Structures are given as C-alpha cells and as structure tokens.
Amino acid sequence: MFGYRSDGHPIPEYVDPIVKFTPYIMTTRNDAQNFVTYPLEYKPLADYIREHRDAEEPISFMTILIAAYVRAVRKHPVLNRFVVGKHLYEHSDITVSYIVLREMPDGRYDEAAIKMHFSPDDTLNTVAKKINEQVRLAREPGNENGAVKIANTFLKIPLLPGLVVWILKAMDKFGLLPKSLIEVSPFHCSLFVTNMMSINMPVIYHHLYNFGTCSLFASLGRPERVVTANKEGKASRQLTIPMSVVSDERVCGGAEYAQAMYAALKYMMNPAALETLDD
C-alpha cells in the first residue's frame, strides 16, 4: 500500500516526467499496447538446438526466447517494469508465465499455466533446467495448479466470480493482494509467452491483461518463407520464425525500449552467448 508491493518496488532513479505522466492519459494496458513483429532467422536457431539435442537439459526455441529476455533484463531493467494504479514499479525478480498443453486420458487437451522465477545471473542451461522441470510437473497426471484450483472454487458459487474479481482488482491496485495469490496468478509476471509453433499455428498478437502486472507478451509462430535482399541486393528466399511482441508503452521511453529489445534479439540470434555471463 502507498507505493509498496510484495512483487515490486517503486523505481528510485530518475524517470522522464513524460513517462511518469503517461499512465494518467492511458489508464489501462489495453490503452497503451504497442504491436511489433520481429522475423528471426530459422537456421541459426535450429542448428544450435540440433547440436544440443543430447544435452542434459534440452534446448527449445522457447528456451532461447526466455533466456534472451532474462539476459536483456540483466542489462536493461526497463524491460522488467510495470504500471499499477498509475504508478511505475520494477519487479522484485524476473517471472515468466507460460501455457503448457496436457493430453488428458480421454484424448482432450487441457491447458496449465506455469509461472517460472529467474535471476539476472541465470545462463541458458539454468533457464532450460527451470523450464523443463516446470513443464514436467505441469504435465504430471492429476496435477492441478493453484490458479485452476482457485478458479474452480469460485465458479461453484453463482455470482461469486464477478465479485471476487472486482475485490482482487481493487486490492491489487492498492498493493494489498496477498503474496500467496500473486504467486499463483499467471497474470502477475514480467513476461507472458505463448508458443504457437508447437501447434503449427501462425504468430498472434496477444493482448495484455489489465489485471496483474504483465507488460510484455511474446509469441512465436510457425516458420514462414519470406523473400529478402542479400548483401549484393539480390532477392533470396529465407525461412524465418515470426516473433510478435505486445508491450505496454508506459513503462519507459521508446528509445530505451528499442535498445532493450535490440539486446534481446541479439541474444536470440546468438544463443551461445547465453551459455556464460562473460558477455
């Protein structure tokens, strides 16, 4: 309350007055959404994943994306900011939410939301280990995560869900939401990611949630062939992975955001640099 939250802290350093004033103009994340697509070259990423397929911790496209984001936050903490109640905060740690598909005994597919905690010092292997462990736990038969349990409980009582959500939003606005609820909420995170590649679907621009603290939503789509100009100016066909990012423009200035995203993209296209902290 009064600027203090269990999952974040006010930013102590100087912030551009225009950035601080923006939440008063755009009061919700839906007001402040920016949409952009980054085409990633498929071959370097696929080659790296193939070279490490027998590693103790398997690497995936999603692993590289998350590890690149974690490393970018290490160098550019603006990527880990969020706005609640017109106030600007920085997350206490780096949290990433991710939807995992589970095949049920009757053949249906169920979705489980997992939330992973990372440190700025995490390497690619550390990130892979954390992701693989959480995905394995989420796919265990009969495993029902906290968010699903809470939702099922409230849905059993007529009219209760709407009232509960209203109360939770009010509590969150004033920093009164218990840490235990924030921990199970996939909407309270630094980054939300979805892997449309895994279900052979095109990339999507997923909206940001007005509830919670997520300021970035990234999506990987199925590979696409595009025509580009090479260094000699000749047309060439290239296989790319479209990555979309929806961001809350209120967390920092455009130049800061561009610099931070450039760092994340640089790491994505050179996963070997994420193996150590020597860069």
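See the structure shown above.
Small disclaimer: the values here were computed from a predicted structure and weren't measured.

### Digging into the overall build of the protein
So, step 1. Along the backbone of the protein there are 8 helices and 10 strands.
So, step 2. In terms of overall size, the protein behaves like a compact globule, its C-alpha atoms giving a radius of gyration of 20 Å where 279 residues would be expected to give roughly 19 Å.
So, step 3. For the protein, the C-alpha atoms occupy an extent of roughly 60 × 55 × 35 Å along the three principal directions.
So, step 4. Counting only residues that meet the buried cut, the protein has 43% of its 279 residues in that class.
So, step 5. Carbon and sulfur atoms form 58% of the exposed surface of the protein, whose accessible area is close to 15000 Å².
So, step 6. With 30 positive and 31 negative side-chain charges, the protein shows a separation of 3 Å between the mean positions of the two kinds.

### Examining empty space enclosed by the protein
So, step 1. If you walk through the whole model with that rule in mind, you get 2 cavities of 30 Å³ or more.
So, step 2. Its boundaries defined by the atoms lining it, the largest cavity holds a volume of some 100 Å³.
So, step 3. Lining the largest cavity, in full, are Leu65, Ala68, Tyr69, Leu191, Leu216, Ala218, Met243, Val245, Met261, Ala264 and Met268.
So, step 4. Breaking the lining of the largest cavity down by element, the ones donating at least two residues are helix 3 (61-75), strand 8 (216-220), strand 10 (235-248) and helix 8 (254-268).
So, step 5. Along the lines of polarity and charge, the residues of the lining of the largest cavity split into 11 nonpolar, no polar and no charged.
So, step 6. A volume near 50 Å³ is recorded for the second largest cavity.
So, step 7. Lining the second largest cavity we find Val78, Leu79, Arg81, Ser215, Leu216, Ser247, Asp248, Val251, Cys252 and Tyr257.

### A closer look at the nonpolar core
So, step 1. Grouped together as the largest cluster of nonpolar side chains are 59 residues, with contacts concentrated most on Leu65, Ile66, Leu79, Phe118, Val193, Leu220 and Met243.
So, step 2. Once you skip the residues sitting within four places of it in the chain, Leu65 turns out to touch Leu191, Val193, Ala218, Leu220, Met243 and Met268.

### A short note on the environment of Ile66
So, step 1. Mapped onto the elements of the fold, Ile66 is located in helix 3.
So, step 2. Setting aside residues no more than four positions away along its own chain, Ile66 makes contact with Val96, Met116, Phe118, Val127, Ile131 and Val193.

### Some details on the packing of aromatic side chains
So, step 1. Going through the model one piece at a time under the given rule, you end up with 9 aromatic pairs.
So, step 2. Geometrically, the ring pair formed by Phe35 and Tyr205 is edge-to-face, given 6.0 Å between the ring centres and 75° between the ring planes. With Phe35 in strand 2 (residues 33-41) and Tyr205 in the loop between strand 7 (191-195) and strand 8, the pair connects residues that are 170 residues apart, well separated along the chain.
So, step 3. With relative accessibility at 48%, the residue Phe35 sits in the partly exposed group.
So, step 4. Measuring from centroid to centroid gives 5.3 Å for Phe82 and Tyr89, while their planes differ by 15°, and the two rings are stacked. Neither residue differs from the other here; Phe82 and Tyr89 are each classed as buried.

### As for the pairing of strand 5 (residues 94-103)
So, step 1. The buried count for strand 5 comes to 7 of 10 residues, which makes it a mostly enclosed element.
So, step 2. The pairing of strand 5 with strand 6 (residues 109-118) spans 10 bridges and is classified as antiparallel. The partner of Ile94 across the bridge, within strand 6, is Phe118.
So, step 3. Of the pairings in the sheet, the one linking strand 5 to strand 7 comprises 3 bridges and is parallel in character.

The rules behind the values
Residues numbered from 1 in each chain as written. Predicted model: local features only at pLDDT ≥ 70, side-chain atom pairs only at ≥ 80, totals over all residues. Heavy atoms only, no water. Helix = DSSP H or I, 4+ residues; strand = E, 2+ residues; numbered from the N terminus. Rg over C-alpha atoms; globule rule 2.2 N^0.38 Å. Buried < 20%, exposed > 50% of the residue type's maximum accessible area, 1.4 Å probe, protein only. Areas by Shrake-Rupley, 256 points an atom, 1.4 Å probe, with all protein chains shown as cover. Lys, Arg positive; Asp, Glu negative; His and termini not counted. Charge placed at Lys NZ, Arg CZ, Asp CG, Glu CD. 1 Å grid on protein atoms, 1.4 Å probe; cavity = no way out; pocket = protein on both sides within 12 Å on 5 of 7 lines; lining within 4 Å. Points joined across faces, edges and corners; volume = space filled by probe spheres on them. Nonpolar A, V, L, I, M, F, W, Y, C, P; charged D, E, K, R; others polar. Core = buried A, V, L, I, M, F, W, Y, C linked by side-chain atoms within 4.5 Å. Contact = heavy atoms within 4.5 Å. Phe/Tyr/Trp six-rings, centres within 6.5 Å; stacked < 30°, edge-to-face > 60°. Pairing = 2+ DSSP bridges.

Fair warning: the whole summary comes from geometry, so function is off the table for now.
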